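Fold and geometry: a report
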Amino acid sequence: MNDMDVFVRKSANYRIWVDENGVGRIRILKRINFKTFVAIFEELHGEIKKKLAGNPGKVHIVCYISKSLYDEMSVNAKEFLGFCQSCMGITFELALIEM
């Protein structure tokens, strides 16, 4: 695959991308509100589904977030991630990173 096959979106607060294997990745850089979190998750999910169209499988998303931002994450955001895993069949991985 070439660079055009990898979906990337960058902002001052986050980065999202889908790698060549169809794994979605979210890197939270600064605090974002819940509405933004859901919107980027929805956009990433859609891009992964497009990439997996010929090879249906489970959607896998990795979220990279600093320990301090995770500690501040709202209960709604944590519940949303739990919902995505249990009801939508998304494999979700949370990676806490040191800043």
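My aim in this report is to walk through the structure given alongside it, one point at a time. (Residues numbered from 1 in each chain as written. Predicted model: local features only at pLDDT ≥ 70, side-chain atom pairs only at ≥ 80, totals over all residues. Heavy atoms only, no water.)

Moving on: the overall build of the chain. Each helix and strand in the chain was counted, giving 3 helices and 5 strands. Counting from the amino terminus, the chain carries its helices and strands in the arrangement β-β-β-α-β-α-α-β. Taken over 99 residues, the chain has a buried fraction of 34%. Long-range pairs, those at least 24 residues apart, make up 59% of the contacts in the chain between residues at least 6 apart in sequence. Accessible surface for the chain amounts to roughly 6,200 Å². Of this, 52% is attributable to carbon and sulfur atoms. (Helix = DSSP H or I, 4+ residues; strand = E, 2+ residues; numbered from the N terminus. Buried < 20%, exposed > 50% of the residue type's maximum accessible area, 1.4 Å probe, protein only. Contact = heavy atoms within 4.5 Å. Areas by Shrake-Rupley, 256 points an atom, 1.4 Å probe, with all protein chains shown as cover.)

So, on to helix α1 (residues 34-51). Compared with an ideal rise of 1.5 Å per residue, which puts 18 residues at 26 Å, α1 spans 26 Å between its outermost C-alpha atoms and is within 8% of the ideal. Along α1, the residues that are buried comprise Phe37, Ile40, Phe41, Leu44, His45, Glu47 and Ile48. The buried residues of α1 all sit within an arc of 165 degrees when viewed along its axis, so they share a single face. For α1, the exposed residues lying more than 90 degrees away from the buried face are Lys35, Glu42 and Lys50. (Expected span 1.5 Å × (residues − 1). Arc of directions from axis to C-beta.)

Here we come to the state of the cysteines. Summed over all chains, the structure comprises 0 disulfides. Distance from the sulfur of Cys84, which forms no disulfide, to the nearest cysteine sulfur (Cys87) is 8.7 Å. (Disulfide = S-S within 2.5 Å.)

Next up on the list: the packing of α1 against helix α3 (residues 75-88). Between α1 and α3, the least distance of the axes is 10 Å, while the angle of their chain directions is 25 degrees. One element, α1, and the other, α3, form an angle in the roughly parallel class. Crossing of α1 over α3 shows right-handed handedness. Contact with α1, carried on its side by Phe34, Phe37, Val38, Phe41 and His45, involves Asn76, Ala77, Phe80, Leu81, Cys84 and Met88 of α3 and no other residues of that element. (Axes fitted to C-alpha atoms, helices over the stretch in contact; angles between N-to-C directions. Parallel < 35°, antiparallel > 145°, perpendicular 65-115°, else oblique. Left-handed = near helix turned anticlockwise from the far one by under 90°.)

Moving on: the pattern of salt bridges. For the structure shown, the criterion picks out 5 salt bridges. Across the pair Glu72 and Arg31 runs a salt bridge whose closest N-O atoms are separated by 3.6 Å. Here Arg31 lies in the loop between β3 (24-28) and α1 and Glu72 lies in helix α2 (residues 67-72), a separation of 41 residues in the sequence. Residue classification places Arg31 among the exposed residues on the basis of a relative accessible area of 62%. (Salt bridge = Lys/Arg side-chain N within 4 Å of Asp/Glu carboxyl O.)

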